[in-house]
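Structural description and commentary
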Amino acid sequence: MKKHIPNIITCCNLICGCIATYAAFHHGYQIAFLFILLGALFDFFDGRTARALGVSGKMGLELDSLADCVTFGVAPSAMLFTLFNHVAYPTFMNAEFFFRVMPFTAFLMAAFSAVRLAKFNIDERQHTEFIGMPTPANAIFWGALISSSEAWLISPRFNALFLFLFMVLFCWLLVCEVPMFAFKGKATWPKDMMKIIFVCLTGIILLVSGPLCDDGWWIGISRGAAACIGLYVVLSIVASYLPKYED
């Protein structure tokens, strides 16, 4: 029985992704984000449970990638799809063609997420760090941003072109060759300086974002989570240019 426990946890991740996708298509952004977070929690524990029980195998790896593709690829794409149907369009895009086509460009993120997961499975360099942005981080960013800042995203201050270009940037981050730090093993100073700085700043941001937000603590924390993912990307890029410290 114990060999099935990690796969059950992975399937819970997959189910969370399905619920998040359903909620996203029905404009339930906060529910979608909540289930993306819950899926990320299951994703965090499935591999660790498999190693703790000594039942790691190829099936678990493949199932994990399939679940991640739904929760961290399809679900945020569904959120973007729905948002494209409500976002403002600039004058030169004020045509039926763009209204019909632009929402479907959201599924580029699902495709790039699938490529990212496939690369991760065969890339031997990613045992101690990530090459490109991890799909959970990408999904959490979009889930947090859309669920907490929809009013601003669909206001005249933003528009469909900006949303498309922003999405393309994150699609590139998923498959780029930029090293991004992973939280594997014990962090030491100065070798893992940026990782330690990130953890400290993330704690501060999440602690103050809720109380300081006039729209409620959940909205504030969601905006803080999006900011933390942006910080993760920036610090990872900075860390890639710093000298490497040996153990």
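Quick note: structure is the one above.
Now for a quick tour of the structure. (Residues numbered from 1 in each chain as written. Predicted model: local features only at pLDDT ≥ 70, side-chain atom pairs only at ≥ 80, totals over all residues. Heavy atoms only, no water.)

Right, let's talk about the side chain of D46 for a bit. Secondary-structure assignment places D46 in helix α2 (residues 29-53). There is no salt bridge for the buried D46, and the closest opposite charge comes from R48, which lies 6.4 Å off by N-O distance. (Helix = DSSP H or I, 4+ residues; strand = E, 2+ residues; numbered from the N terminus. Buried < 20%, exposed > 50% of the residue type's maximum accessible area, 1.4 Å probe, protein only. Lys, Arg positive; Asp, Glu negative; His and termini not counted. Salt bridge = Lys/Arg side-chain N within 4 Å of Asp/Glu carboxyl O.)

The next subject is the packing of helix α1 (residues 5-25) against helix α3 (residues 58-84). Between α1 and α3, the shortest axis-to-axis distance is 8 Å and the interhelical angle comes to 15°. When the axis of α1 is compared with that of α3, the two are roughly parallel. Two packed elements cross with a definite hand, and for α1 against α3 that hand is left-handed. Broken down by class, the residue content of the contact of α1 with α3 amounts to 17 nonpolar, eight polar and two charged. (Axes fitted to C-alpha atoms, helices over the stretch in contact; angles between N-to-C directions. Parallel < 35°, antiparallel > 145°, perpendicular 65-115°, else oblique. Left-handed = near helix turned anticlockwise from the far one by under 90°. Nonpolar A, V, L, I, M, F, W, Y, C, P; charged D, E, K, R; others polar.)

So, about the packing of α2 against helix α9 (residues 217-241). Relative orientation of the contacting elements α2 and α9 amounts to 55°, with a least axis distance of 13 Å. Overall, the two elements α2 and α9 adopt an arrangement that is oblique. The element α2 and its partner α9 pack so that their crossing is left-handed. Two secondary-structure elements touch here, α2 through Q30, F33, L34 and L37 and α9 through W218, I219 and S222. (Contact = heavy atoms within 4.5 Å.)

An α-helix turns once every 3.6 residues. As a result, residues three or four positions apart point the same way. Along its 19 residues, helix α6 (residues 135-153) runs just 22 Å from first to last C-alpha, ending more than 12% under the 27 Å computed at 1.5 Å per residue. Of all 19 residues making up α6, 16 are buried, and the element is well covered by its neighbours. (Expected span 1.5 Å × (residues − 1).)

Okay, unusual backbone geometry next. The backbone of H27 shows a phi angle near 65°, a positive value even though the residue is not glycine. Within the element layout of this structure, H27 appears in the loop between α1 and α2.

Turning our attention to a nonpolar patch on the surface. A cluster of nonpolar side chains, namely L201, I204, L207, V208 and L212, defines an oily patch on the protein surface of about 510 Å² accessible area. The partly exposed category is assigned to V208, whose relative accessible area is 40%. (Patch = residues over 30% accessible without salt bridge, like charges linked within 9 Å, V, L, I, M, F, W, Y side chains within 5 Å. Areas by Shrake-Rupley, 256 points an atom, 1.4 Å probe, with all protein chains shown as cover.)

Throughout the structure, instances matching the rule amount to 20 aromatic pairs. When the centroid spacing of 5.4 Å and the interplanar angle of 75° are considered together, the rings of F97 and F98 count as edge-to-face. Overall, the relative accessible area of 54% leaves F97 in the exposed class. A relative accessible area of 24% places F98 in the partly exposed class. Ring centres 5.5 Å apart and planes at 75° place the aromatic pair W142 and F170 in the edge-to-face group. Here F170 lies in helix α7 (residues 160-175) and W142 lies in helix α6, a separation of 28 residues in the sequence. Through a chain of ring-to-ring contacts, the aromatic side chains of F25, F81, F104 and F107 assemble into a single cluster. R48 extends its terminal NZ or CZ atom over the ring of F44, reaching a point 3.8 Å from the ring centre. (Phe/Tyr/Trp six-rings, centres within 6.5 Å; stacked < 30°, edge-to-face > 60°. Lys NZ or Arg CZ within 6 Å of the ring centre and 35° of its normal.)

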